[in-house]
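Residue strings, one per chain:
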Amino acid sequence: MKHHLRYITSLTILTIIPEIYFLSKLSIQEILVIFILSLLGLFFMMKSDMGFTKGDNTDSRKWVWNFNNESIVGIKIKNLPIEEFLFPFVWIPLPIAVWEYIKHIEFRNVDLALILTFCLLILWIVFPRLTKPDIKK
Amino acid sequence: MKLTYIKLLINLYLPPIIIFAVCLGSAMDFFKLAVFSFVLLIYGIGWDMWATKHGRKDKLWIWCFNPKTITGIYLDRHPLEEYIFGIFHLFWVILLWEVLSRAISNNDLLTLFIVVLLGIWQIGVSINFYNSQKKKA
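Residues numbered from 1 in each chain as written. Chains lettered and ligands numbered in written order. Predicted model: local features only at pLDDT ≥ 70, side-chain atom pairs only at ≥ 80, totals over all residues.

### What to know about the overall build of chain A
At step 1: What chain A contains, in helices and strands, is five helices and three strands.
At step 2: Relative to the globule expectation of 14 Å for 137 residues, the C-alpha radius of gyration of chain A, 19 Å, shows a markedly less compact shape.
At step 3: Judged by the C-alpha coordinates and their principal axes, chain A covers about 50 × 50 × 30 Å.
At step 4: The burial tally for chain A puts 24% of its 137 residues in the buried class.
At step 5: Counting only contacts in chain A whose residues sit at least 6 apart along the sequence, the fraction spanning at least 24 positions is 72%. (Helix = DSSP H or I, 4+ residues; strand = E, 2+ residues; numbered from the N terminus. Rg over C-alpha atoms; globule rule 2.2 N^0.38 Å. Buried ≥ 20, exposed ≤ 12 C-beta atoms within 10 Å, placed from the backbone. Contact = placed C-beta atoms within 7 Å.)

### Thoughts on the nonpolar core
At step 1: Counting residues in each nonpolar core, the largest one holds 24 residues, and the members touching the most others are I96 of chain A together with V93, I94, L95 and L96 of chain B.
At step 2: Within the residue set of this core, elements represented by two or more residues are α2 (28-52) and α4 (93-102) of chain A together with α2 (30-51) and α3 (80-105) of chain B.
At step 3: The biggest single contributor to this core is α3 of chain B, with nine residues.
At step 4: Excluding residues that lie within four positions of it along the chain, L96 of chain B makes contacts with L37 of chain A together with P16 and F20 of chain B. (Core = buried A, V, L, I, M, F, W, Y, C linked by C-beta atoms within 7 Å.)

### So, the interface of chain B and chain A
At step 1: Listed per partner, the contact involves 50 residues of chain B and 47 residues of chain A.
At step 2: Of the residues forming the side of chain B that touches chain A, the biggest block, twelve residues, is contributed by α2 of chain B.
At step 3: The class makeup of the residues in the side of chain B that touches chain A is 30 nonpolar, eleven polar and nine charged.
At step 4: Of the pairings in the sheet, the one linking strand β1 (residues 65-67) of chain A to strand β1 (residues 63-65) of chain B comprises three bridges and is antiparallel in character. Bridge pairing in β1 of chain B links W65 of chain A to F65 of chain B. (Nonpolar A, V, L, I, M, F, W, Y, C, P; charged D, E, K, R; others polar. Pairing = 2+ DSSP bridges.)

### Quick look at α2 of chain A
At step 1: With 25 residues, α2 of chain A ought to run about 36 Å at 1.5 Å a step, and its terminal C-alpha atoms sit 35 Å apart, in line with that.
At step 2: Along α2 of chain A, the residues classified as buried are I34, L37, G41, F44, M45, S48, D49, M50, G51 and F52 of chain A. (Expected span 1.5 Å × (residues − 1).)

### Quick look at the confidence of the model for chain B
Detailed reading of the predicted coordinates is not advisable wherever pLDDT falls low.
Residues and elements named next belong to chain B.
At step 1: Of the residues in chain B, 93% reach a pLDDT of 70 or more, and the chain-wide mean stands at 89.
At step 2: Ranking the elements of chain B by mean pLDDT puts strand β2 (residues 74-75) last with 86 and α3 first with 94.
At step 3: Interface confidence for the predicted complex, given as ipTM, is 0.90, next to a pTM of 0.89. (pLDDT = per-residue confidence, 0-100.)

Written as structure tokens, this is what we have:
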């Protein structure tokens, strides 16, 4: 049963918890505006997501992604897993809250260069090893 | 057919990004925004890579992509479109936030009107896309 919570658990740990932390630094008015933006995002993102997802409504030749029924809770709205509906409430508020948090920090060019180098190292060296498919012939 | 994903990304995100960037002009630190987006992109892509990992030992992948509807260009075994989505989405969110906060604080109704028009544009594009992806009865 635990594997059905895989998507929702990873979403909670990686995005919802940091989001709550960063949102707590903002004012009530700012959080309200972000919430309204998330509602707008919910509409257009979910509409396109429904078009992308393999299911009864989508033309079988045209789908872009498919969800594994073993890794999701199993509740679906128009073929879309319920977890997907959290997406706009995470990937709209989280970047805004982090941006507001770092906006007033004065980065020197050397700091930015260091951050970029670090990111490139992670992207090209660490991630490919972490996510290497373990297919054995 | 191979351009299904990338075409939607361009239609959905590029016009608002360009218009918001023009609205903000020199008031926005685009270099800082680029570094910020790159850092968050790596965070998101890492999760994405883990979620799409396939292998004999780990069959609990969360989602997978259809090679028939993506360009087929991969960076570290991950579709190019996912990187483009990450960058476009982060730029869109932050620029929208900056334009909105400036418009609200300056009582700039014209800019608010532009934001609403672009919101309608995005909803229209997603509805149109959803209808084009649906199975013909």
